[in-house]
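# An overview of the molecular structure
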Amino acid sequence: MRGMHQFEQLGLFYLGKRFDVTKRTRLDDTILYDSKDLVTHAVCVGMTGSGKTGLGIAMIEEAALDGVPVLAIDPKGDLSNLLLTFPSLSADEFAPWVEATDPAASAQQANQWQKGLADWDEDGDRIGRFRAAANAIVFTPGSRAGTPLALLKTLVAGHDEDDEDAAARVGSTAESLLALAGFGEVDAQSRERTLIATILAKAKPGDPGDLPWLIQQIQRPSFDRIGVLDLETFFPAKDRQALALQFNSVLAAPGFDVWLEGAPLDPARLLYTDEGKPRVAIVSIAHLGDAERMLVVSLLLNALVEWTRKQRGTASLRALVYMDEVFGYLPPVANPPSKAPLLTLLKQARAFGVGVMLATQNPVDLDYKALSNTGTWFLGKLQTERDKARVLDGLEGIGMDRALLDTTLSALPGRVFLMHDVHEHGPVTFETRWTLSYLRGPMSREELKRLRTPTANSSKPDPDSGSTPNSQERGPNSQLPRETETAEKVAVKATSKPVIPSGIIEVFVPAGGTATYRPMLYGSARVRYTDAKRGIDSVGDVNAIVSFGNGPVPVSWDGATEAPVGPDQLSTTAPAGGTFTAPPSAALDPKRYAAWTRDFEEWIARSKPLRVFTAPDLQLTSTAGEGEREFRLRAQHAAREARDAQVEKLRGSYAAKVARATEKVRKAQESVGKEEQQVGQQRLQTAVSVGATLVGALLGRRAISATTLGRATTAARGVGRSLKEGEDVTRAQDRLTQAQQELTELQQAVEAAVTAVSGTTEPAIETTEIAAKRGGIDTRLVALAWLPAF
């Protein structure tokens, strides 16, 4: 938190301006909050009308402007206002979102927002920069009002968790699912929870992991013992069937299919677009019931824990997780499914640069033990003395003066907060700035639908829809080229598999059901790419399929596409019940496969280079298997780390000078105070001497005595000394003004230097292609492959 006039600096969040609570006056000092301070998390407490939602939105806006992605959980429906950004600040932009039908109301709102921004040194250009900095999107699990979120598409996580993490995740997920099925509060030792947690824990790679799969597993688990008891003793089949029926009722409910649709529950995809641009991802749960809300929050938090632990450790802010109302999700006594993952994030996420900010109205409903190590507290107007006492108890325990806090909290008006940041010297009160987003209140489902980006007429797939254009027409094998489909149309159907001559390797792509199989040429090779100059020695796999033709050149690898499965997933046994299309004659000639193998290797050397991404300014190079999006995200964070380190070093280099200048100002202030005190005393003494002389004269003495003359002389000298003391005050004030000017100039020099090194967190990315050498291509398989067409 630093005061300055120029607030557009990377790494510093503009939250508002200082506020004098005693005078109830906004001051000129700008409050800038270091983004790195959010790594130690924050909590915002305030009653309705205190302005905490406005503060939260301002924090999210600043994070987006700094290139930091945000995942915001929105139980109340207010955070969707982040999509209401109008750079032109025109009445036409406001009109669709102003409830009043009078056209003048839109103009009034536009004028109010324009004036409000101007009062805080903001304008439409800053709104435009916010819109350009991050892609804002509203996800609505269980609803198509916004972008659906496929929460129940997969209930199992990756298999690189340690045992303790996995146990916490499956336990929390099991409790959430049981609550959704109508079980209410679930005992941690109940057999229902134990069964579902065991099913989730024993899931194998390749299991669907969705709700239908869970129902089948409840009926027929893949294990026969739980603990030391056999399954039938622990949970008889009849009782498991009843439990499966309860979950089936949930699955069969009208509209429940939307829980399986939409964007996958992948924090990496929620926080960033496919191009690597940071997002403000708002998960709105205002439309859901309590059990459904708990399910969404717990599954989302568990996914965040898993993603966070896969990140590289850092001291810079990588991402912000914001929850607008945490009431009921982190209680002091109970243990809802959301509590364990939230506690884990608060305790461990800081090591990975993931900051958590929680907001609530009722501090008594928060687990203060969990928040005892929260680095920043934003305290607004509180509803009751009990709420204030609870906050004071928490802050007194970290060394803050209770009496001073009590007085300050009692005097806070709306939109004014007391901020305690452990990274700063002491608490400060400030008024929150005007938000860039139009705060018009919670949105209905119809209004959320209006906010969705139209994709129906776009040729580009919606990255969050989980579908591609014409996906209903293309079928499950839409990855195949169009020429393959044309070749199939002219092929002759066969009811049984044709006999393949010896010398030809024949493989089958698993279908998982009855299907019609078409012949394709399958190639697989392990390729080594080396570049001594760049220090690259990488091994990758190339798996491709290409259709057979009937012309003079029956196979051209230039038309190949990526194979749907790797060689390890192929089968050498023909599937039962399938039908097959007859291959062309060229596919049945064993001699051709040697030439096709050589062509395959030449095609790899010519057309399958290793794409390497570099960030020269950061001296970073992509690693094996790292795509452009992943590398760009890594480079962006490396740039942010480098920027933060430079700024910290720069501020440290100025620290001694600033300390000396600050001390000079302090001493000058003391000198002015001392001189003013002496002037006051001298003036009082002079006034007494003059008064005594006048009184003596007025008493009627006929002759002026020596004493009276002495008093008059003393009084005259006192006047002279008063004048001299006044001059001393003037000189002391001049020294103070000079010292303050020196300090101001030094602070401005610091901030100018910081601005110069801040630069951008969007580093330049270069792409280099490294061709595979023939000696580095190890062809593993070239074979006739039967691919299911269904």
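Look above for the structure.
Remember, it's a predicted structure, so these values are computed and weren't measured experimentally.

The subject of this paragraph is the packing of aromatic side chains. Enumeration over the complete set of coordinates arrives at 17 aromatic pairs. A ring pair is formed by Phe-86 and Phe-94, whose centres lie 4.8 Å apart and whose planes are at 65 degrees; its orientation type is edge-to-face. Comparing Phe-86 with Phe-94 shows no difference in burial state: the two are buried. Summarising the aromatic geometry, the rings of Phe-94 and Tyr-438 are spaced 4.9 Å apart at their centres and angled 75 degrees between planes, so their arrangement reads as edge-to-face. Taken as a pair, Phe-94 in helix α2 (residues 91-94) and Tyr-438 in the loop between β15 (428-432) and α16 (445-451) lie far apart in primary sequence, 344 residues in all. Neither residue differs from the other here; Phe-94 and Tyr-438 are each classed as buried. An aromatic cluster is present here, built from Phe-86, Phe-94, Trp-113, Trp-434 and Tyr-438 joined pairwise through their rings. Here Arg-191 stacks its cationic end above the ring of Phe-235, 4.1 Å away from the centre of that ring. In this structure, Arg-450 packs its charged tip against the face of Trp-97, placed 4.2 Å from the ring centre.

Here the focus is the sheet that holds strand β22 (residues 610-615). Spatially, β23-β22-β24 is the arrangement adopted by the three strands of the open sheet, whose pairing is antiparallel. Every interior strand has two partners, whereas the edge strands, β23 (620-621) and β24 (766-770), have only one.

A word on the pairing of strand β3 (residues 42-45). Side chains Ala-42 and Cys-44 of β3 all project onto a buried face; the interleaved residues Val-43 and Val-45 project onto the opposite face, where all are buried too. Looking at chain direction, β3 and strand β12 (residues 354-360) are connected through four bridges and run parallel. Residue pairing for β12: Cys-44 is matched across the bridge by Ala-359. Looking at chain direction, β3 and strand β13 (residues 376-379) are connected through four bridges and run parallel.

Here we come to the packing of helix α5 (residues 163-180) against helix α6 (residues 191-201). Packing of α5 against α6 brings their axes to within 8 Å, and their N-to-C directions diverge by 125 degrees. What the angle tells us is that α5 and α6 run oblique. Here α5 runs over α6; the crossing is right-handed. In this structure, α5 contributes Val-170, Gly-171, Ser-172, Thr-173, Ala-174, Glu-175, Leu-177 and Leu-178 to the contact, and α6 contributes Glu-192, Arg-193, Ile-196, Ala-197, Leu-200 and Ala-201. Residue composition of the contact of α5 with α6, grouped by class: eight nonpolar, three polar and three charged.

Tallied over the entire structure, the rule returns 43 salt bridges. Here Lys-115 ties to Asp-119 by a salt bridge, and the two come within 3.2 Å at their closest N and O atoms. Of this pair, Lys-115 and Asp-119 both sit in helix α3 (residues 103-119), separated by four residues, roughly a single helical turn. The partner of Arg-240 in a salt bridge is Glu-232, with the nearest N and O atoms 3.1 Å apart. Residue Arg-240 is classed as buried on the basis of its relative accessible area, which comes to 4%. For Glu-232, a relative accessible area of 42% translates into the label partly exposed.

Along the chain, His-637 turns up in helix α20 (residues 628-698). You can call His-637 buried: its relative accessible area is 3%. If we skip the residues at most four places from it in the chain, His-637 touches Arg-312, Thr-314, Ser-316, Leu-317 and Arg-318.

This part is about the packing of α5 against helix α11 (residues 290-308). Put simply, α5 and α11 touch, their axes get as near as 8 Å, and they point 160 degrees apart. Classified by the angle their axes make, α5 and α11 are roughly antiparallel. With respect to the hand of their crossing, α5 and α11 are arranged in left-handed fashion. On the side of α5, the interface is formed by Arg-169, Ser-172, Thr-173, Ser-176, Leu-177, Ala-179 and Leu-180, while α11 contributes Ala-291, Glu-292, Met-294, Leu-295, Ser-298, Leu-299 and Asn-302. In terms of residue class, the contact of α5 with α11 is built from seven nonpolar, five polar and two charged.

Criteria and thresholds
Residues numbered from 1 in each chain as written. Predicted model: local features only at pLDDT ≥ 70, side-chain atom pairs only at ≥ 80, totals over all residues. Heavy atoms only, no water. Phe/Tyr/Trp six-rings, centres within 6.5 Å; stacked < 30°, edge-to-face > 60°. Buried < 20%, exposed > 50% of the residue type's maximum accessible area, 1.4 Å probe, protein only. Helix = DSSP H or I, 4+ residues; strand = E, 2+ residues; numbered from the N terminus. Lys NZ or Arg CZ within 6 Å of the ring centre and 35° of its normal. Pairing = 2+ DSSP bridges. Axes fitted to C-alpha atoms, helices over the stretch in contact; angles between N-to-C directions. Parallel < 35°, antiparallel > 145°, perpendicular 65-115°, else oblique. Left-handed = near helix turned anticlockwise from the far one by under 90°. Contact = heavy atoms within 4.5 Å. Nonpolar A, V, L, I, M, F, W, Y, C, P; charged D, E, K, R; others polar. Salt bridge = Lys/Arg side-chain N within 4 Å of Asp/Glu carboxyl O.

Structural measurements only, silent on function.
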